[in-house]
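A structural walkthrough
Next come the chains, spelled out residue by residue.
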Amino acid sequence: MGEFRMPSLGADMEHGKMVEWLVKPGDFVHRGDVVAVVDTDKTVMDVETFEEGVVAELLVDVGTTVPIGTPLARITQTPDDAGHAGPAAPQQTKPAPETAGAAGKVAAPVPPPVRHLAHQLGVDTSGIRGTGKHGAVTRADVERAAAEQPGPATETKVPQAAPPAGRVRSSPRARRLADQLGIDIGTVPGTGPDGAVTEGDIQRAVSGAPVPTEESLPAPEVERAEGALPAGEAPPSEAEDRLSSLRRAVGALMTRSKKTIPHYYLSTTLDLRAAIAWMLLANQQRPVASRLVASALLLKATALAAREVPEVNGFFTDGVFRPSSSVHLGVAVALRHGGLVAPAIHDADTLAVDVLMQKLRDLVSRARAGRLQRSEMADPTITVTNLGDLGVEAVFGVIYPPQVAMVGLGKVMEQPWAHEGLLGVRSAVTATLSADHRVSDGLRGARFLARIDELLQQPEEL
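This report concerns the structure included in the present document. (Residues numbered from 1 in each chain as written. Predicted model: local features only at pLDDT ≥ 70, side-chain atom pairs only at ≥ 80, totals over all residues. Heavy atoms only, no water.)

Before going further, it helps to examine the packing of aromatic side chains. Counting across every chain of the model gives two aromatic pairs. Centroid distance Phe4 to Trp21: 6.2 Å. Interplanar angle 65 degrees. Geometry classified as edge-to-face. With Phe4 in strand E1 (residues 2-5) and Trp21 in strand E2 (residues 15-21), this residue pair connects regions lying 17 residues apart in the sequence. When sorted by exposure, Phe4 lands in the same class as Trp21, which is buried. Aromatic side chains Tyr265 and Phe396 sit 6.2 Å apart centroid to centroid with 80 degrees between the ring planes, which places their arrangement in the edge-to-face category. Of this pair, Tyr265 sits in strand E9 (residues 263-271) while Phe396 sits in the loop between strand E17 (382-386) and strand E18 (405-409), and the two are 131 residues apart along the sequence. Classification of Tyr265 by relative accessible area gives partly exposed; the value is 35%. What makes Phe396 partly exposed here is its relative accessible area of 45%. (Phe/Tyr/Trp six-rings, centres within 6.5 Å; stacked < 30°, edge-to-face > 60°. Helix = DSSP H or I, 4+ residues; strand = E, 2+ residues; numbered from the N terminus. Buried < 20%, exposed > 50% of the residue type's maximum accessible area, 1.4 Å probe, protein only.)

Printed below as a string of structure tokens:
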């Protein structure tokens with residue numbers, strides 16, 4: 001028997017809030033399956049299990065905040081291993097929906113997250129032909145089956161019928177906020193992917209005109225607001241509360257960093273003439289959706305340089321520096337409602353530039369949607385912050401403990417450039433390094449920045 005516990009999803013995390021269970025007692029889970037959604041002070045993340053077996057009991061209710069290490073669920077041994085306990089044991093614990101269909105034939109396996117999505121979309125998985133490994137049903141299979149179902153418009157335009165919450169596409173935050181405000185989420189028009197209801201849709205529904213068919217819902221909220229706050233002043237939204245909590249968490253982490261890490265700072269100008277010329281030539285052969293951007297080249301060069309200068313890539317814990325054999329490149333992402341997270345692109349030094357750019361887009365999208373995974377937040381080995389899109393020319397970051405370095409990238413600009421007595425114009429960017437003096441010094445830091453510049457002079461080899 002094993003226990004699924006509240007994991008540590010970052011160096012500064014002390015507790016987490018259970019937002020949503022994606023499994024139920026009796027479900028069979030494999031190692032790596034996403035089984036729950038947890039809310040930290042920074043973001044909402046999908047959490048996977050390291051145990052394999054049958055979910056015997058959920059120990060923490062949705063909405064409960066618990067410290068790191070608290071048991072969240074009990075996972076028992078697999079039905080096959082439990083067979084010696086008696087003939088009835090496998091029949092009691094074996095998850096029937098994944099092993100046999102209604103007609104007695106073997107059905108395609110359905111992982112818990114996919115089964116949860118099917119429940120949300122009102123899709124019966126027993127009739128789906130899986131296209132995943134070993135015939136497993138995938139998210140794409142469920143979404144395709146949902147798109148083929150007739151009559152979706154009927155469900156969205158009859159608020160009186162109040163369709164089940166599971167039939168409405170929505171994010172966990174949106175459902176939680178709707179419950180808190182007493183709003184029927186089925187009456188809120190969705191603006192997310194495939195018409196999904198988002199947190200912003202709920203907030204607009206609250207601040208806008210009352211829905212005619214739900215006149216009884218806004219009134220209690222007005223009464224509570226008037227009883228607690230001065231007239232005309234709205235209670236803080238969940239987004240505001242979340243931003244405040246995020247600011248406190250980031251502030252505490254940065255205070256710890258500045259108090260305990262002896263920072264030193266370096267800056268250099270990277271010559272991007274060769275990199276930009278190669279990128280423009282490569283993009284001529286690509287469709288618009290897959291064209292490269294300068295950020296992808298900069299990230300790849302940074303990851304390769306970090307592998308070659310290990311003093312900037314790793315963790316300082318318990319008074320000892322432990323270099324990492326892998327480069328998990330943390331990327332600072334600004335969230336829609338404010339605040340910052342820095343999830344990791346794993347093994348960034350081994351990825352082709354195209355793959356790295358795809359992973360970057362996916363990571364940013366999921367970070368802003370609150371769908372990051374535990375490992376993406378827990379193990380960045382070095383972090384990059386890029387404010388060039390906002391016109392910032394140089395940024396000197398604060399190190400995320402227990403990491404030992406932070407790279408800052410500014411705006412790619414055309415700059416006057418003197419070379420061998422001649423003056424011209426080249427594309428360039430200011431790169432900075434904030435590093436931990438307990439681990440490295442200016443010499444190693446300078447070599448790291450110089451190596452980034454050298455790599456960018458041969459972009460075809462990145």
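Glancing now at unusual backbone geometry. Looking along the chain, the bond that leaves Pro401 and enters Pro402 is cis, with omega of 5 degrees. Take Pro402: it is sitting in the loop between E17 and E18. Phi is positive for Asp318, which is not a glycine, with a value near 55 degrees.

Attention now moves to the sheet that holds E1. Taken together, four strands build an open sheet; the order of strands is E1-E8-E6-E3 and the sheet is antiparallel. Taken across any chain shown, the strands that pair with only one partner, and hence form the sheet edges, are E1 and strand E3 (28-29). Both E3 and strand E6 (residues 53-58) contribute to a ladder of two bridges, which runs antiparallel. Bridge pairing in E6 places Val29 opposite Gly53. (Pairing = 2+ DSSP bridges.)

The strand order across the open sheet formed by five strands is E7-E2-E4-E5-E16, and the pairing between neighbours is mixed. Looking at the sheet topology across the chains shown, the edges are occupied by strand E7 (65-67) and strand E16 (372-373).

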